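Chain by chain, the residues:
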Amino acid sequence: MPASDTATLPICTGDDVVRLRQLVRTRALEIRLSLVDQTKLVTAASELARNTLVHGGSGSAVVETVEKGGRRGVRAAFVDSGPGIPDLDLAMTAGWTSGGGLGLGLSGAKRLVDEFDIDTEVGRGTSVTVVKWAR
Amino acid sequence: MSPSVPILRLADALLVSIQVDLQDDDVMALQEELAQKIVDTSARGVIIDISAVDIVDSFIGRMFSSIAALSRVLDAETVVVGMRPAVAITLVELGLSLDGVRTALDLEKGLAILARLTRARRPLDEDDPGYDSEDLGDPVPSGS
């Protein structure tokens, strides 16, 4: 899966979340995702970037174009060194929230993308990687 | 302050047209500014035009519900207009239900909803100050 045009953005402020959304949209346009798929991917990226900022304290996002079996896709990885998620099953439950939000961030983002991987360790941080493939 | 989102007065309604990609702090500021404007102008309705908005995530979706609840407490109605089809599809898949938020396809239809709601309540407000504004779902014939 050769990666090209990899870009890394810090996620430290609300403006960074806006920049991340714009970068993901640009990549989605480049590989000609349909309008609905673009919207789903950018929305998922927005939820995950906010998680990185709010729950992780801050972190970074890596966005790149990927290819597999002749299909192109956009992969976005969100990494923080925050407190981690003690109960991942609970955190992935729609409607469950650690506070403030609607509890749709993780479970909602997962529904909006084609691939979703999460790696978390209490005290070490969380990393979430998503991919959306062009049809 | 959120200078990026002007709040315009349109008859007895306020029109909020979101034209730029808002960060979360701007969204919170807009909500506060709108509450103040509703009180300052005695607005009876709020229209939020999102025809230029390309994504609605859970944070902005929650803002719509908050503004709807907030304006109801301040005796105004809220209608969100102009949602793009791709945004609607994504919202449903995300699981966001926009509780308590009225929607209309475009500004014109949104204004029509507001006109109907405010026409319905005005004579009642005048005749009966103790009228409970809870029950305004259906148009009430007025002025005749």
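A brief report on the enclosed structure follows. These numbers come from a predicted model, not from an experiment.

What counts and how
- Residues numbered from 1 in each chain as written.
- Chains lettered and ligands numbered in written order.
- Predicted model: local features only at pLDDT ≥ 70, side-chain atom pairs only at ≥ 80, totals over all residues.
- Helix = DSSP H or I, 4+ residues; strand = E, 2+ residues; numbered from the N terminus.
- Buried ≥ 20, exposed ≤ 12 C-beta atoms within 10 Å, placed from the backbone.
- Contact = placed C-beta atoms within 7 Å.
- Axes fitted to C-alpha atoms, helices over the stretch in contact; angles between N-to-C directions.
- Parallel < 35°, antiparallel > 145°, perpendicular 65-115°, else oblique.
- Left-handed = near helix turned anticlockwise from the far one by under 90°.
- Nonpolar A, V, L, I, M, F, W, Y, C, P; charged D, E, K, R; others polar.
- Pairing = 2+ DSSP bridges.
- Arc of directions from axis to C-beta.

Per the secondary structure count, chain A includes four helices and five strands. Listing each helix as α and each strand as β along chain A from the N terminus yields β-α-α-β-β-α-α-β-β. Across the 135 residues that make up chain A, the buried fraction comes to 39%. A separation of at least 24 residues holds for 65% of the contacts in chain A among residues at least 6 apart in sequence.

What follows concerns the packing of helix α1 (residues 24–41) of chain B against helix α2 (residues 58–73) of chain B. Residue and element names in this part refer to chain B. Between α1 and α2, the least distance of the axes is 11 Å, while the angle of their chain directions is 15°. As summarised for this structure, α1 and α2 are arranged roughly parallel, according to the angle between their axes. Taken as a pair, α1 and α2 cross one another with a handedness that is right-handed. Seen from α1, the contacting residues are D24, V27, Q31, L34, A35 and I38; seen from α2, they are F59, I60, M63, S66, I67, L70 and S71. Taken together, the residues of the contact of α1 with α2 sort by class into nine nonpolar, three polar and one charged.

Residue and element names in this part refer to chain A. When strand β2 (residues 59–68) meets strand β3 (residues 71–80), the two strands line up antiparallel, connected through ten bridges. When the sheet's bridge partners are listed, G59 is paired in β3 with D80. In textbook terms, the turn of a hairpin is the stretch between consecutive antiparallel strands, and for β2 and β3 this stretch comprises two residues, one of which, G69, has a positive phi near 55°.

Looking at helix α4 (residues 105–112) of chain A, one finds that the buried residues are A:G105, A:L106, A:G108, A:A109 and A:L112. The buried residues of α4(A) occupy an angular sector of 165° when the element is viewed end-on, so they sit on one face. Those residues of α4(A) hidden inside the fold are in contact with α2 (35–54), α3 (88–91) and β5 (125–133) of chain A together with α2 and α3 (85–94) of chain B.

Buried accessible area, meaning the area lost when the parts come together, often serves as the stated size of an interface. Each side of the interface is counted separately: chain A has 23 residues, and chain B has 18 residues. For the side of chain A that touches chain B, the secondary-structure elements that each account for two or more residues are α1 (14–30), α2 and α4 of chain A. With nine residues, the single largest contributor to the side of chain A that touches chain B is α2(A). Residues of the side of chain A that touches chain B, tallied by class, amount to nine nonpolar, eight polar and six charged.

We note that A:R32 has phi near 60°; this positive angle belongs to a residue other than glycine. By the element assignment, A:R32 lies in the loop between α1 and α2. According to the C-beta neighbour criterion, A:R32 is exposed, with 11 such atoms within 10 Å. Positive phi outside glycine occurs at B:L98, with the angle close to 50°. If you trace the backbone, B:L98 turns up in the loop between α3 and β5 (102–104).

A few words on the environment of B:A115. Locating B:A115 in the fold gives a position in helix α4 (residues 107–127). The class of B:A115 is partly exposed, set by 16 C-beta atoms lying within 10 Å.

All names here are of chain B. The five strands lie next to each other as β1-β2-β3-β4-β5, forming an open sheet whose pairing is mixed. If you trace the sheet from one side to the other, it starts and ends with β1 (7–10) and β5, each paired once. On average, each strand axis in the sheet is tilted by 25° relative to the strand beside it, whichever way the strands run. Of the pairings in the sheet, the one linking strand β2 (residues 13–17) to strand β3 (residues 45–49) comprises five bridges and is parallel in character. Across the sheet, residue L14 finds its bridge partner in β3, namely V46. Strands β1, β2 and β3 of the sheet are contacted by α1, whose axis makes an angle of about 155° with β2.

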